[in-house]
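Survey of secondary and tertiary structure
In case you want the letters, here they are:
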Amino acid sequence: MESHFKDALKNGAVLEIECISAITHSSNNLRGEWLFFAREVLNGRVVRSALCSYRKTDPRVIKTAQGVASLAANLGATVASIPFVEGKVVVCEVSFPEASAEDGDN
């Protein structure tokens with residue numbers, strides 16, 4: 001499912017991270033619950049599509065701040081903020097390097 005989500009981002013969707021459960025501290029880890037959304041305009045309407053788990057239609061819930069940062073980077077985020085308060089949503093900058101002509105020749 002990440003590939004379809006990443007394709008939406010490459011085609012101009014906005015990457016959003018929403019905190020759905022406020023953080024708690026566990027040793028040196030920050031735990032909570034976060035969802036990722038691709039916000040885009042389709043047929044004149046704003047649509048927010050949640051990143052879903054592989055083989056499931058349920059939204060993929062990320063449970064650590066480290067997991068949020070890792071997934072955001074994997075999705076092309078160049079700058080990511082992590083909301084720590086339930087209900088807060090942040091927008092992340094994404095960028096995808098252009099493939100060079102040589103990349104297709106191998």
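Remember, predicted model here, so these are calculated numbers, not experimental data.

1. A word on the overall build of the chain
Counting its regular elements, the chain contains two helices and six strands. Going from the N terminus to the C terminus, the chain shows its helices and strands as α-β-β-β-β-α-β-β. The principal-axis extent of the C-alpha atoms belonging to the chain is close to 50 × 35 × 30 Å. Out of the 106 residues in the chain, the part that is buried amounts to 27%. Sequence-distant contacts, at least 24 apart, represent 55% of the contacts inside the chain between residues at least 6 apart. Total accessible area on the chain is roughly 7000 Å²; 47% of this is exposed by carbon and sulfur atoms. Computed over 11 positive and 13 negative side-chain charges, the separation of the two mean positions in the chain equals 9 Å.

2. Things to note about helix 2 (residues 65–74)
Within the span of helix 2, buried status applies to A65, V68, L71 and A72. For helix 2, the arc enclosing every buried residue in end-on projection is 130 degrees, short of the 170-degree limit, so these residues lie on one face. Exposed residues lying more than 90 degrees from the buried face of helix 2 are Q66 and A73. The inward-facing, buried residues of helix 2 abut helix 1 (2–10), strand 1 (14–26), strand 2 (29–42), strand 4 (62–64) and strand 5 (77–79). Phi turns positive, to about 100 degrees, at G76, one or two residues after helix 2.

3. Focus on the side chain of E16
By the element assignment, E16 lies in strand 1. A distance of 2.4 Å separates the side chain of E16 from the side chain of R39, its partner in a polar contact. Those residues in contact with E16, other than ones at most four positions away along the chain, are L35, F36, F37, R39, R48, V89, V90 and V91.

4. Some thoughts on the packing of aromatic side chains
One pass over the full model with this rule turns up zero aromatic pairs. When the ring centre of F37 is taken as origin, the NZ or CZ atom of R48, which lies over that ring, is 3.8 Å away.

5. So, the nonpolar core
Judged by nonpolar contacts, the single largest core of 20 residues is most densely connected at F5, L9, L15, I17, F36 and L75. Elements represented by at least two residues in this core include exactly helix 1, strand 1, strand 2, helix 2 and strand 6 (89–94). With sequence-adjacent residues up to four places away left out, L15 is seen in contact with F5, L9, F36, F37, L75, A77, V90, V91, C92 and V94.

6. A word on the pairing of strand 3 (residues 45–50)
When strand 2 meets strand 3, the two strands line up antiparallel, connected through six bridges. By the bridge assignment, F37 is partnered in strand 3 with A50. Remark: two residues form the turn of the hairpin made by strand 2 and strand 3, two consecutive strands paired antiparallel; N43 in that turn has positive phi of roughly 50 degrees.

7. A look at the pairing of strand 2
The sheet contact formed by strand 1 and strand 2 spans ten bridges and is antiparallel. By the bridge assignment, L15 is partnered in strand 2 with A38. The turn linking strand 1 back onto strand 2 is made up of two residues, and S27 within it adopts a positive phi angle of 55 degrees. Summarising the sheet, strand 2 and strand 4 pair through two bridges and their orientation is antiparallel. The residue bridging R31 from the neighbouring strand is T64, located in strand 4.

Rules used throughout
- Residues numbered from 1 in each chain as written.
- Predicted model: local features only at pLDDT ≥ 70, side-chain atom pairs only at ≥ 80, totals over all residues.
- Heavy atoms only, no water.
- Helix = DSSP H or I, 4+ residues; strand = E, 2+ residues; numbered from the N terminus.
- Buried < 20%, exposed > 50% of the residue type's maximum accessible area, 1.4 Å probe, protein only.
- Contact = heavy atoms within 4.5 Å.
- Areas by Shrake-Rupley, 256 points an atom, 1.4 Å probe, with all protein chains shown as cover.
- Lys, Arg positive; Asp, Glu negative; His and termini not counted.
- Charge placed at Lys NZ, Arg CZ, Asp CG, Glu CD.
- Arc of directions from axis to C-beta.
- Polar contact = N/O pair within 3.5 Å; in protein donor to acceptor, adjacent residues only side chain to side chain.
- Phe/Tyr/Trp six-rings, centres within 6.5 Å; stacked < 30°, edge-to-face > 60°.
- Lys NZ or Arg CZ within 6 Å of the ring centre and 35° of its normal.
- Core = buried A, V, L, I, M, F, W, Y, C linked by side-chain atoms within 4.5 Å.
- Pairing = 2+ DSSP bridges.

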